[in-house]
Amino acid sequence: MSGKTHAVVGANAVWVAALVYPLGNEVPVLLAIGALAALLPDIDATSAKIHYMGSGALGVFRGVFHHRGFFHSFLAISIIAILTQLFLSSYHPALPMVMILGYASHPIIDGFNKPGVEYFFPWRKRIRLLPKWLTTPVNGVVDQLLFIAGVAGIVFLMTTYSDLFSVANVMLY
Ligand SMILES: [Zn+2]
C-alpha cells in the first residue's frame, strides 16, 4: 500500500489501545506514533535499492533487506514487540501496543496487494491474504478505500476526544 494509507491505518492502533488503557492527553501523540510505526517496515524499500547496487559480501543481507521480506515478517513484529515492551512501556503503558499494532498493520494490509508478503521470513514464500483476483496494486482501489477508512477512524477518534483537539484547548496550553 502507499505510505499515506499505511500512516492513517497505523494511527488507528490508538482505537485498540483506548479499549485497554484509559487514554486522555496522550491521544494526539499516540496517533502520530502509530502512524510513524506503520511507515517503518518500508525502510526495506529504500535500503533494497542501495543494496542491489552492491554484491558479494552484501549478498548475505539480501534476504533481510529484500522488500517485503524480514521487515514485513512475523519475526520483525515479534522483535518490535519485545523491544517496545522492554524499553518503552515505562514511558507509557499503551506505547508498546500502539507501536506493535501500528507496525503490524503495515504487512497485514500489504497482503491485499498483488505481490504478497514474506510473512514467515526467513522462509522466502510470498503470501497474499486475498485470492489473486481480489488483490489490487499499490494506489489501486483497495488502497484508496483503506485510506478513506483510516481517515474516518482518525476523525471519529478526534471527535471522541474532541476537547484535546479543539483550537481553544490548544491555545490554553
Ligand atoms: Zn510495505
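Details of the structure are given in the entry above.
As a starting point, this report considers the structure included with it.

Regarding unusual backbone geometry
Negative phi is the rule for most residues except glycine; trans is the rule for most peptide bonds. Here the amide bond leading from Phe 121 into Pro 122 is cis, since omega sits at 10°, within 30 degrees of zero. One can find Pro 122 in the loop between α7 (95–110) and α8 (141–160). Notably, Arg 68 is not glycine yet its phi reads approximately 60°, a positive angle. Locating Arg 68 in the fold gives a position in the loop between α5 (62–65) and α6 (74–87).

Things to note about the nonpolar core
Core analysis: the biggest nonpolar cluster contains 32 residues, and Ala 11, Val 14, Val 98, Met 99, Ile 100 and Tyr 103 have the highest contact counts within it. When residues of this core are traced back to their parent elements, those giving at least two are α1 (3–11), α2 (13–20), α3 (27–39), α6, α7 and α8. Top contributing element to this core by residue count: α7, with 9 residues. Beyond its immediate sequence surroundings of up to four residues, Val 14 is in contact with Val 27, Leu 30, Leu 31, Gly 34, Val 98 and Leu 157.

A short note on α7
If you check α7, its first and last C-alpha atoms are 23 Å apart, about what 16 residues at 1.5 Å a residue would give, namely 22 Å. Taking burial as the measure, the 16 residues of α7 include 15 buried ones, the bulk of the element.

What about the packing of α2 against α3?
The description of two packed helices rests on the angle between their axes and on the distance between the axes. At a closest axis distance of 9 Å, the pairing of α2 and α3 adopts a crossing angle of 130°. The pairing of α2 with α3 is recorded here as oblique in orientation. Considering how the two elements wind past one another, α2 and α3 form a crossing that is right-handed. Contacts between α2 and α3 involve Ala 13, Val 14 and Ala 17 on the former and, on the latter, Val 27, Leu 30, Leu 31 and Gly 34. Classifying every residue of the contact of α2 with α3 by side-chain character gives 6 nonpolar, 1 polar and no charged.

Rules and cut-offs
- Residues numbered from 1 in each chain as written.
- Predicted model: local features only at pLDDT ≥ 70, side-chain atom pairs only at ≥ 80, totals over all residues.
- Helix = DSSP H or I, 4+ residues; strand = E, 2+ residues; numbered from the N terminus.
- Core = buried A, V, L, I, M, F, W, Y, C linked by C-beta atoms within 7 Å.
- Buried ≥ 20, exposed ≤ 12 C-beta atoms within 10 Å, placed from the backbone.
- Contact = placed C-beta atoms within 7 Å.
- Expected span 1.5 Å × (residues − 1).
- Axes fitted to C-alpha atoms, helices over the stretch in contact; angles between N-to-C directions.
- Parallel < 35°, antiparallel > 145°, perpendicular 65-115°, else oblique.
- Left-handed = near helix turned anticlockwise from the far one by under 90°.
- Nonpolar A, V, L, I, M, F, W, Y, C, P; charged D, E, K, R; others polar.

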